[in-house]
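Here is what each chain is made of, one letter per residue.
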Amino acid sequence: MSNVLELQNVRKAFGSEVVLNNLSLQVPEHTATVLIGASGSGKSTLLRCINLLETIDDGQIFLDGLEITDPAIKVDEIRRKLGMVFQSFNLFPHKTVLENITLAPVKVQNKDVEEARDIAKKLLSRFDLADKADQYPDRLSGGQQQRVAIIRSLAVNPRLLLLDEITSALDPVLVNEVLSIVRDLKQDGMTMVLATHEMGFATQVADEVCFLESGNILERGSAEQVLKNPTNPKTQEFLKRVHQAGRL
Amino acid sequence: MSEKKSSAWSPSSRELDRRALRRKLNRKQSLIAAVSSVLVLGTLTIILVTSPGWEVVKATFFDIEYGKEVFPTVLKGLWINLQLTFFGGLAIGVIAMGLALLRTTKSPALTPFRFLATAYVDIFRGAPLILIILLVGFGVPALRLQGISSNVIVLGTIAVVLTYSAYVAEVIRSGILSIHPSQRAAARSLGLTSGQTMRFVVLPQALRRVVPPLLNDFVSLLKDTGLVSILGVTDAVRAAQINASRTFNYTPYVVAAILFLLITIPMTRYTDRAIRQRTQAQNSEGAI
């Protein structure tokens, strides 16, 4: 199994605050890597660095063996291979659901408009959103908006999907409809890196769980290992607090 | 703790390579920028100075000696423009804000005023400024009303204020309408009244958003104060005109144009910078 994504000794600081410190990570094809950790532990920054939304200060990031942190690389071409879903959905409010989804396939991949619409409609009906195709995002519920956002990122056939706390802005009832899509994608063999606070969900989809603390991966392993039998005291402490909050 | 870590860290050789490559790419881009600038500006200059009428144009438009001679007169005229812009600008700000608020209010008691504000904007935004200046400048004194000034500077200012209030009101109104309804909902849910919501939540965001178009209107205002010269006000444009028609040398116009630019360009740059700083302070999505 080849690594789709590989991070070697990545460092990122904002001013004097070191957010990622000498961090390394491998994500093999068809696997899901789940990042857990308290707010501010560097999960979001890590995802943003992978998507080249942030420039790293040291280390290297490889996508399918190609170093994407090379300054001479064409950033737009790399981003075309990556899908990213944000905590706050970030749908385009002036476009309908269908237009949101077909924008990148038509403008970036130069797909035929009809073909792009067909693909979008298939994806929408697969995830029970067919009747929302012509609605504007602000008229949808949070869960529906986030599902549309996931479909939007899928429509360009990404090599790797980055999911940044995609359920954090949703109420518990809506969380499941979003997570079930991710479970489906996992079944399809999509390679994913996701930051989440949903430990139960992490257990279901994760091939590897990484616990981040002050910019480093303190503990990594299978969900069973890290979430059920953590060895690092800081991981134990974190999971205890999550448990107390009733999220395990 | 992070302090200690950051001082212990030294860049790897890969990072040093990368920095060198970035520097090289930057140098390459600067070089492209320089070559392209020289090429474009050089070509334009050559076309200008080799044109058949260049010598005549140079003598009648760019006579440096004559420019120096008329400079004090034109500068004195510009002072009128600046005063007009300043006092006019203040009045425009107040009136335009009132109009914008009236046009966006939903209060039933204010319905007739909303209607009047709409009519006002329709009329003064739609009619050419020069006509308004002529109507106010020559029409109002003809009424021979007691207590109405017949000073052309005052009348000219009133005409400019009437028209620009309508423009600026529409800019502010578009800013108010661009604020997402969720902001209003959040403010009202905290118990703020509709007026407080407007004052503390909607307007601060709306005005920030419309600073660039407002600045655009402000620069236009400064230039359009030159139009009051048709009433006989000796502003910069008029002063230049008098001197130019005296000698048939158009250098005074160029002097006036340069003086206007000396004010408007720094103003634009300053505002651009202020907007950029505020955007960066409020926005974490910096890299794109």
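Residues numbered from 1 in each chain as written. Chains lettered and ligands numbered in written order. Predicted model: local features only at pLDDT ≥ 70, side-chain atom pairs only at ≥ 80, totals over all residues.

A. Structural detail: the sheet that holds strand S5 (residues 66-67) of chain A. All names here are of chain A. The 4 strands are arranged S2-S1-S4-S5 in an open sheet whose pairing can be described as antiparallel. Single-partner strands in this sheet number two, and they are strand S2 (17-28) and S5. In the sheet, strand S1 (residues 3-14) pairs with strand S4 (residues 58-63) via 5 bridges, with the strands oriented antiparallel. For Gln8, the partnering residue across the bridge sits in S4 and is Gln60. (Pairing = 2+ DSSP bridges. Helix = DSSP H or I, 4+ residues; strand = E, 2+ residues; numbered from the N terminus.)

B. Quick peek at the pairing of strand S6 (residues 82-85) of chain A. All names here are of chain A. Here S6 shows a buried face lined by Leu82 and Met84 and a second buried face lined by Gly83 and Val85. By the bridge criterion, 4 bridges tie S6 to strand S7 (residues 160-164) in an arrangement that is parallel. Bridge pairing in S7 places Gly83 opposite Leu161. (Buried ≥ 20, exposed ≤ 12 C-beta atoms within 10 Å, placed from the backbone.)

C. Here's a closer look at unusual backbone geometry. Phi at A:Phe89 takes a positive value of approximately 65°, unusual for a residue other than glycine. Summarising the element assignment, A:Phe89 is placed in the loop between S6 and helix H3 (97-107). A positive phi is found at B:Phe248, a non-glycine position, where the angle reads about 55°. Structurally, B:Phe248 is set in the loop between helix H11 (236-247) and helix H12 (251-282). For B:Phe248, a count of 7 C-beta atoms within 10 Å gives the class exposed.

D. Spotlight on the sheet that holds strand S8 (residues 192-195) of chain A. Residues and elements named next belong to chain A. Across the sheet, which stays open at both edges, the 6 strands sit in the order S6-S7-S8-S3-S9-S10 with mixed pairing between neighbours. Of all strands in the sheet, those bounded by a partner on one side alone are S6 and strand S10 (216-221). The mean angle between the axes of side-by-side strands here comes to 20°, regardless of whether they run parallel or antiparallel. (Axes fitted to C-alpha atoms, helices over the stretch in contact; angles between N-to-C directions.)

E. Broad picture of the nonpolar core. Among the nonpolar cores identified, the biggest contains 72 residues, and A:Leu35, A:Leu162, A:Val193, A:Ala202 and A:Val209 are the most heavily contacted of them. It is S2(A) that provides the largest number of residues to this core, a total of 6 residues. In this structure, A:Val193 is in contact with A:Leu5, A:Val27, A:Thr33, A:Leu35, A:Leu47, A:Ile50, A:Leu160 and A:Leu162, ignoring residues within four places of it in sequence. In this structure, B:Leu102, B:Ala117, B:Val171 and B:Leu227 belong to the second largest nonpolar core, which totals 36 residues. (Core = buried A, V, L, I, M, F, W, Y, C linked by C-beta atoms within 7 Å. Contact = placed C-beta atoms within 7 Å.)

F. Region of the structure containing the packing of helix H4 (residues 64-104) of chain B against helix H5 (residues 111-126) of chain B. Residues and elements named next belong to chain B. Relative orientation of the contacting elements H4 and H5 amounts to 125°, with a least axis distance of 8 Å. Viewed along their axes, H4 and H5 adopt a mutual orientation that is oblique. Once H4 is placed against H5, the crossing between them reads as left-handed. Side by side, H4 and H5 meet where Leu99, Leu102 and Arg103 of the first sit next to Phe113, Arg114, Ala117, Thr118, Tyr120 and Val121 of the second. (Parallel < 35°, antiparallel > 145°, perpendicular 65-115°, else oblique. Left-handed = near helix turned anticlockwise from the far one by under 90°.)

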